Amino acid sequence: EKGGYEHFMFKEIMEQPKAVRDTLSPRIKNGRVVFENLSLTEEYVRSLNRILIVACGSSYHVGMNAKYIMEKLLRKPVEVVLASEFRYCDPIVDESSLVIVISQSGETADTLAALREAKRRGARTLAVVNVVGSSIAKEANDVIYTWAGPEIAVATTKAYSTQLVILYLITLRFGELLGTIAPEEYDAIVAELQRIPSKIEEILEHREKIQYYASIYFNNSSIFFIGRNLDYAICMEGSLKLKEISYIHSEAYAAGELKHGTISLIEDGTLVVAMANHGRLFDKMVSNIKEVKARGADVLGLTGAKHARALEQVADNVISIPETHEILMPSLAVIPLQLFSYYVALQRGCDIDKPRNLAKSVTVE
Ligand code: F6R
């Protein structure tokens, strides 16, 4: 049942090229994004004042990525709200808001309650869900399925990757309706999106290097993830993944925010995972790496192949990933972080598929 692997989590990490391909391919026809059975019209998308994304945990982190991507490509305000907060904050939503809820299980109690609250206030709801026929899928006005297949490990991997892909597709479709994405850019993103599964495969093939880094760092008692923009969103996911399965304390920080407090926690040997996948922000990341190095941090950098050499000049170790369109980079950058968490937890002898105190589907408040 684990496909010959020791853990479901590892099996699911390895299934990601297929999960992403299965989620992507039925929605791209002749180079264009098509969603069958989706009732959102051009007039409706144009009338939207804002988009809200509501979710919990890793699904919320997908929303954090989507905020950067949608605001950049759609020029509409996007707010990402934790479902447990949305319920009780008297949210500003009405007919001119689209509320996108993201949930692997489709049964998360807070997300379901948030969906009902959004509907009650007159918003249209669009659910991105993995489990067919789940409560959230049934109650949302529209549903788009991630075709990740059953996810058994408590820590999500393939569901996260497929959710991200759906958010790219929604952005492309809305961008086409709004006319905010130039045709050449649209084509370039679609073409690169179709190359994501094989690029994920490439990263998975080179997993020994990540396993090696895990063997150096698995005894650290505190790990920091730093990055800017989309890298920051990926840091949040990398940090959550690590702490939930390895029980190592970790934090995700927007790299520019470190000096406003957190840098005081950096001491000799503290591991800082520094994400540097945005070419235009690369120099800013180099400065942040120098800041933490000066306080004794050990830096594991992650960047696209083009910048690997330059990053090696400042970081102690570097993970290099294939290049892609800048906005698609999260789909690749998250993979080494999943592997790193897995191998660290393995070294520490943790119960990887069933971490203590956690449930796969959180159906209570
Ligand atoms: C983390 C993880 C959780 C879930 C969260 C939401 O690895 O799996 O944080 O992402 O409980 O669950 P869903 O997506 O089922 O609503």
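Structure: see above.
About the thresholds
Residues numbered from 1 in each chain as written. Predicted model: local features only at pLDDT ≥ 70, side-chain atom pairs only at ≥ 80, totals over all residues. Heavy atoms only, no water. Core = buried A, V, L, I, M, F, W, Y, C linked by side-chain atoms within 4.5 Å. Buried < 20%, exposed > 50% of the residue type's maximum accessible area, 1.4 Å probe, protein only. Contact = heavy atoms within 4.5 Å. Helix = DSSP H or I, 4+ residues; strand = E, 2+ residues; numbered from the N terminus. Pairing = 2+ DSSP bridges. Axes fitted to C-alpha atoms, helices over the stretch in contact; angles between N-to-C directions. Near = heavy atom within 4 Å. Polar contact = N/O pair within 3.5 Å; in protein donor to acceptor, adjacent residues only side chain to side chain. Areas by Shrake-Rupley, 256 points an atom, 1.4 Å probe, with all protein chains shown as cover. Phe/Tyr/Trp six-rings, centres within 6.5 Å; stacked < 30°, edge-to-face > 60°. Lys NZ or Arg CZ within 6 Å of the ring centre and 35° of its normal.

Would you take a moment to explain the nonpolar core for this structure?
If you look at soluble globular proteins, the nonpolar side chains tend to sit buried side by side. Ranked by size, the top nonpolar core spans 95 residues in total, and within it Ile 53, Ile 170 and Phe 340 carry the most contacts. Not counting residues within four places of it along the chain, the set of residues in contact with Ile 53 comprises Gly 63, Ala 66, Met 70, Val 78, Glu 79, Val 80, Val 81, Ile 100, Ile 102 and Leu 167. By size, the runner-up hydrophobic cluster in this structure holds 21 residues, among which are Ile 263, Ile 266, Val 286 and Ala 315.

I would appreciate a short explanation of the environment of Ala 153 in the present structure.
Tracing the chain through its elements places Ala 153 in the loop between β7 (142–145) and α8 (158–178). By relative accessible area, which is 0% here, Ala 153 ends up buried. Separated by 207 residues in sequence, Ala 153 and Lys 360 have C-alpha atoms that sit 7.4 Å apart. If near-sequence neighbours (up to four positions away) are discounted, Ala 153 is found in contact with Phe 8, Met 9, Glu 12, Asp 353 and Lys 360.

Could you clarify how one ought to interpret the sheet that holds strand β4 (residues 78–82) in this entry?
Backbone hydrogen bonds hold the strands of a sheet together, and the pairing may be parallel or antiparallel. Across the sheet, five strands lie side by side as β4-β3-β5-β6-β7; this open sheet has parallel pairing. Strands with a single pairing partner mark the edges of an open sheet, and in this sheet they are β4 and β7. Pairwise comparison of adjacent strand axes, ignoring direction, gives a mean angle of 20 degrees for this sheet. Relative to β4, strand β3 (residues 50–55) is paired through five bridges, and the arrangement is parallel. Across the sheet, Ile 51 pairs through a bridge with Val 78, a residue of β4. On top of the sheet, α8 reaches β3, β5 (97–103), β6 (124–129) and β7; it is set at about 140 degrees to β6, its chief contact.

Quick question: what am I supposed to make of the site of the ligand here?
Lining the immediate environment of the ligand, one finds 13 residues, of which Ser 59, Ser 103, Gln 104, Thr 108 and Glu 244 sit closest. Here an oxygen atom of the ligand and a side-chain polar atom of Ser 59 are 2.6 Å apart. Here Lys 241 contributes a side-chain N or O atom positioned 2.9 Å from an oxygen atom of the ligand. Its free accessible area being 410 Å², the ligand has 89% of it covered by the protein chains. Elements supplying a minimum of two residues to the shell around the ligand: α4 (57–74) and α11 (230–246).

Got a minute to help me understand the packing of aromatic side chains in this structure?
For any two aromatic rings, the description comes down to two numbers: the centre-to-centre distance and the angle of the planes. Inspection of the entire model under this criterion finds six aromatic pairs. Taking 5.7 Å as the distance between ring centres and 50 degrees as the angle between the ring planes, the aromatic pair formed by Tyr 212 and Tyr 213 counts as tilted. Ring pairs connect the aromatic residues Tyr 5, Phe 10, Tyr 342 and Tyr 343, which therefore count as one cluster. A cation over an aromatic ring shows up here: Arg 124 above the ring of Tyr 44, its NZ or CZ 5.9 Å from the ring centre. The cationic tip of Arg 356 hangs over the ring face of Tyr 247; the distance from NZ or CZ to the ring centre is 3.7 Å.

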